[in-house]
Amino acid sequence: MTAQSDIDKGRQPSALVESLVRAAKILGSIAVTMLGLLFVTFVIGRVMPIDPVISVLGERASREAYEATRIAMGLDKPLIVQFFVYIGDVIQGDFGQSRLTARPVADDIARVFPATLELATLGTLLGVVVGVPLGVLAAVKRGTWIDQVARVVALIGYSMPIFWLGLVGLLVFYGILGWVGGPGRVGIFYVDLVPSVTGMILVDSALDGQWDVFWNAVSHIILPASLLGYYSLAYISRMTRSFMLEQLSAEYITTARVKGMSEWTVVWRHAFGNIKVPLITVIALSYAGLLEGSVLTEIIFAWPGIGSYITTALLSADMNAVLGGTVVVGLVFVCLNIFSDLLYKFFDPRAR
Amino acid sequence: MTNPAASRNQMPESDKPSLRRWLLTDTPASRRQARLASLYQGWLTLKSNKLTMIGFGILVTLVLVAILAPWLAPHDPFAQDLGNRLKPLWTDGFLLGTDSLGRDILSRLIYGSRITLYIVILVALIAPVVGLFVGTVAGYVGGWADMILMRITDIFLAFPRLVLALAFVAALGAGIENAVLAIALTAWPPYARIARAETLTIRQSDYIHAVKLQGAGALRIITRHIWPLCISSLIVRVTLDMAGIILAAAGLGFLGLGAQPPSPEWGAMISEGRKFILDHWWIATMPGLAIFTVSLAFNLLGDGLRDVLDPKDSGE
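Residues numbered from 1 in each chain as written. Chains lettered and ligands numbered in written order. Predicted model: local features only at pLDDT ≥ 70, side-chain atom pairs only at ≥ 80, totals over all residues. Heavy atoms only, no water.

Asks: In this structure, what is going on with the interface of chain B and chain A? I would like to understand it.
Replies: Where interface size is given, it is often the accessible area lost as the parts come together that is meant. Across the boundary between the two partners, chain B contributes 41 residues, which contact 42 residues of chain A. When chain B packs against chain A, close to 3,800 Å² is buried across both sides, 78% of that on carbon and sulfur atoms. Counting only elements with at least two residues in the side of chain B that touches chain A, the list comes to α7 (143–158), α8 (161–172), α11 (218–254) and α13 (282–309) of chain B. Element by element, the count of residues in the side of chain B that touches chain A is highest for α13 of chain B, at 11 residues. (Contact = heavy atoms within 4.5 Å. Buried area = accessible area lost by both parts, 1.4 Å probe. Helix = DSSP H or I, 4+ residues; strand = E, 2+ residues; numbered from the N terminus.)

Asks: What should I look at first to understand the pattern of salt bridges in this one?
Replies: Throughout the structure, instances matching the rule amount to 15 salt bridges over all chains. Among the ionic pairs, D147 of chain A bridges to R241 of chain A, the shortest N-O distance being 2.9 Å. Of this pair, D147 of chain A sits in helix α6 (residues 145–159) while R241 of chain A sits in helix α9 (residues 211–248), and the two are 94 residues apart along the sequence. As far as the burial class goes, D147 of chain A and R241 of chain A line up, both buried. The structure contains a network of salt bridges with shared partners spanning D99, R103, R108 and E272 of chain B. (Salt bridge = Lys/Arg side-chain N within 4 Å of Asp/Glu carboxyl O. Buried < 20%, exposed > 50% of the residue type's maximum accessible area, 1.4 Å probe, protein only.)

Asks: Is there a simple way to think about unusual backbone geometry in this case?
Replies: Most of the time, phi is negative for any residue but glycine, and the peptide bond is trans. We note that A302 of chain A has phi near 50 degrees; this positive angle belongs to a residue other than glycine. Here A302 of chain A is to be found in the loop between α11 (263–300) and α12 (306–315).

Asks: I keep staring at the nonpolar core and nothing clicks. Help me out?
Replies: Side chains that are nonpolar tend, in soluble globular proteins, to be buried together. Formed by 150 residues in total, the largest nonpolar core has its most connected members in I44 of chain A together with F254 of chain B. Here this core gets 15 residues from one element, more than from any other, and that element is α11 of chain B. No fewer than three residues from each of domain 1 (2–91) and domain 2 (105–351) of chain A sit in this core. When sequence neighbours within four positions are dropped, the list of residues in contact with F254 of chain B reads F163, L167, L296, I299 and I300 of chain A together with G267, A268, I270, S271 and R274 of chain B. V136, I236, L245 and I253 of chain A belong to the second largest nonpolar core, which has 17 residues in total. (Core = buried A, V, L, I, M, F, W, Y, C linked by side-chain atoms within 4.5 Å. Domains from an automatic or database assignment.)

Asks: Explain the packing of helix α6 (residues 105–141) of chain B against helix α9 (residues 176–203) of chain B to me, please; I cannot follow it from the model alone.
Replies: The relative placement of two packed helices comes down to the angle between their axes together with the axis-to-axis distance. Residues and elements named next belong to chain B. It is at 5 Å that the axes of α6 and α9 come closest, and there the two elements cross at 35 degrees. In the packing of α6 onto α9, the handedness of the crossing is right-handed. Classifying every residue of the contact of α6 with α9 gives 23 nonpolar, 5 polar and 3 charged. (Axes fitted to C-alpha atoms, helices over the stretch in contact; angles between N-to-C directions. Left-handed = near helix turned anticlockwise from the far one by under 90°. Nonpolar A, V, L, I, M, F, W, Y, C, P; charged D, E, K, R; others polar.)

Asks: What am I meant to see in α9 of chain B here?
Replies: Count 3.6 residues to each turn of an α-helix, and residues three or four apart come out pointing the same way. Relative to the 40 Å expected for 28 residues at 1.5 Å per residue, α9 of chain B spans 39 Å between its end C-alpha atoms, a close match to the ideal helical length. Considering bend angle alone, the principal kink of α9 of chain B is centred on A187 of chain B and spans about 30 degrees; proline P189 of chain B follows within four residues of it. (Expected span 1.5 Å × (residues − 1). Bend = angle between axes of the 7 residues up to and from the residue.)

Asks: Just to check I follow, could you spell out the packing of aromatic side chains for this structure?
Replies: Two measures describe an aromatic ring pair: the distance that separates the ring centres and the angle between the ring planes. Counted by the stated rule, this structure contains 14 aromatic pairs over all chains. Between F163 of chain A and F254 of chain B, the ring centres sit 4.6 Å apart and the planes meet at 25 degrees, which makes this aromatic pair stacked. Taken together, the residues F163 of chain A in helix α7 (residues 162–176) and F254 of chain B in helix α11 connect one chain to another. Residue class for F163 of chain A comes out buried when judged on its relative accessible area of 1%. Plain terms: the ring middles of W43 of chain B and F56 of chain B are 5.8 Å apart, the flat faces sit at 65 degrees to each other, and that makes the pair edge-to-face. Here the residue W43 of chain B occupies a position in helix α3 (residues 31–48), and F56 of chain B occupies one in helix α4 (residues 50–67), the gap between them amounting to 13 residues. Using a relative accessible area of 32% as the deciding quantity, one classes W43 of chain B as partly exposed. A residue is classified by how much of its surface remains accessible, and F56 of chain B, at 31% relative accessible area, is partly exposed. (Phe/Tyr/Trp six-rings, centres within 6.5 Å; stacked < 30°, edge-to-face > 60°.)

Asks: How should I be thinking about the domain arrangement of chain A in this particular structure?
Replies: All names here are of chain A. For chain A, the assigned domains read domain 1 (2–91) and domain 2 (105–351). Placing a centre on the C-alpha atoms of domain 1 and another on those of domain 2 gives a separation of 30 Å. Every contact between the two is made by 13 residues of domain 1 and, on the other side, 10 residues of domain 2. Scanning the region where domain 1 abuts domain 2 turns up 0 salt bridges. Those elements that place two or more of their residues in the side of domain 1 that touches domain 2 are α1 (2–47) and α4 (79–91). Top contributing element to the side of domain 1 that touches domain 2 by residue count: α1, with 9 residues. Partitioning the side of domain 1 that touches domain 2 into residue classes produces 10 nonpolar, 3 polar and no charged.

Here is the structure:
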């Protein structure tokens, strides 16, 4: 015993160093990935056939004004210098000015991002609440009609064009049945009624106690959120099913059954307990997927999120806004990926 | 069976059952026979799965429709006929109705299948080849090359695909070729990952050492001995990814960044029909069903192929 604790004591400092090294490695890989991301957006911005000087000055600018602006914008410097200037700006949160809104892109993104966040969060929530039990059920009742239904539901989810399903959904539930609110975040009479605190209208209206606004917002978000939820459900239920199948065929499950435990305990305590960690990773990935996958959904539902922002900017050749939006979405994506990795390492001792 | 040479010589004039026997023999006499036999067995497994065959059937139909489009289409897909605009389904002569310019929707769908196939084939040619190249080189050479190539792969993987494709199309200009290029550029990293993983396991195997002892160089080993073994898992992945690629292409078309009007691309057709969705629902609905059918077919076929070619990943 004493020898063992001595060894443990001797290990402690090195374990600390080890975890520091690991943290540094993770930070390093984030930095490299982000740098690469910025490089790609920079290249895209440079090969853009639109002249940034003309886009600022207009086409009838004089030769002198053109040259002066070119130098003021730093476009006369070598590309590599321009790249580092760009990185410096982005680190300070400066994505330049949007041509379309004539405001800093960073401010625009701060304004539109909560709308996307709200939509994606609700979508993931729906996907988890329905998808996880469906996946577990499909695995437990493997080969029965429940499994088949789960399979078909997922297959259709994988194969359906989301923008089309959104259109049909709007047509049926808004146009014909009138069960839900139409496009936009709230009805026209409720716009700007609540002060913006978080930027998420459900939270803001609840905080302010304005329940009529809240319910109106619910009626508007329910359709696009269900749509996104369906997509994450397809993915989450399939993954849950295959994780569960793997666990249910393990020997410890047989042991638990032989010991006479109830089926509920075997499935939910033993098997499900063991798939929580990979499941969290799957959910984080699907959350990241929804943050980007909402681009088309936002267009269909006129949802003022980052997806509509990027697309609108794109169609009017507002390159600063496009690149700024791309970098932010990429950043969130990378962070969620790393976050899910870390969770995995934190909860699963084997992965440490 | 006892005399392999004889059974091989019989092959050409033998009728179907004995061809079948020749294919199912346990003792193949030649490399060609062994290869054909394994293909045939794969086909039998594939054939036993009803859903897979449905997917396969839909795709064969798609190819036929695309080839025979000029003969199948009842109307010119571009011919505008303002007198017959916005006709509903089952109208005489316009089975699926007409759009806002009086163009026959069925004919446009039929010609649109060519565009879908064009996108699918181009992406399927570009992305896996790039991925295979990057992955095998990284896996075989190792060291710095591996680190740099995999870093680049990670960077592309870290990007949200649709957003990256959007940015690419924005830079290159809207159009179907650029949409294909953008999708391919965002689609290759997973293939590189798969190819690298396969290469790492193959690299240390005995037969590679044997080939090395015979004096084969890296180029020969990669192209002749590693690539053929990576192909099957790539084919599965490509088939399963096709659905996503079709959806992405349709999404770009819908946003007006893919095929340009008056091209009968399905995503662009939905976008055109969107304005009339409340009163004339079929204009946007029919192309959506077409996209859904084709991507469902790819998913069904991909599932079946995975069971045949890559049993370890099937999760069953």
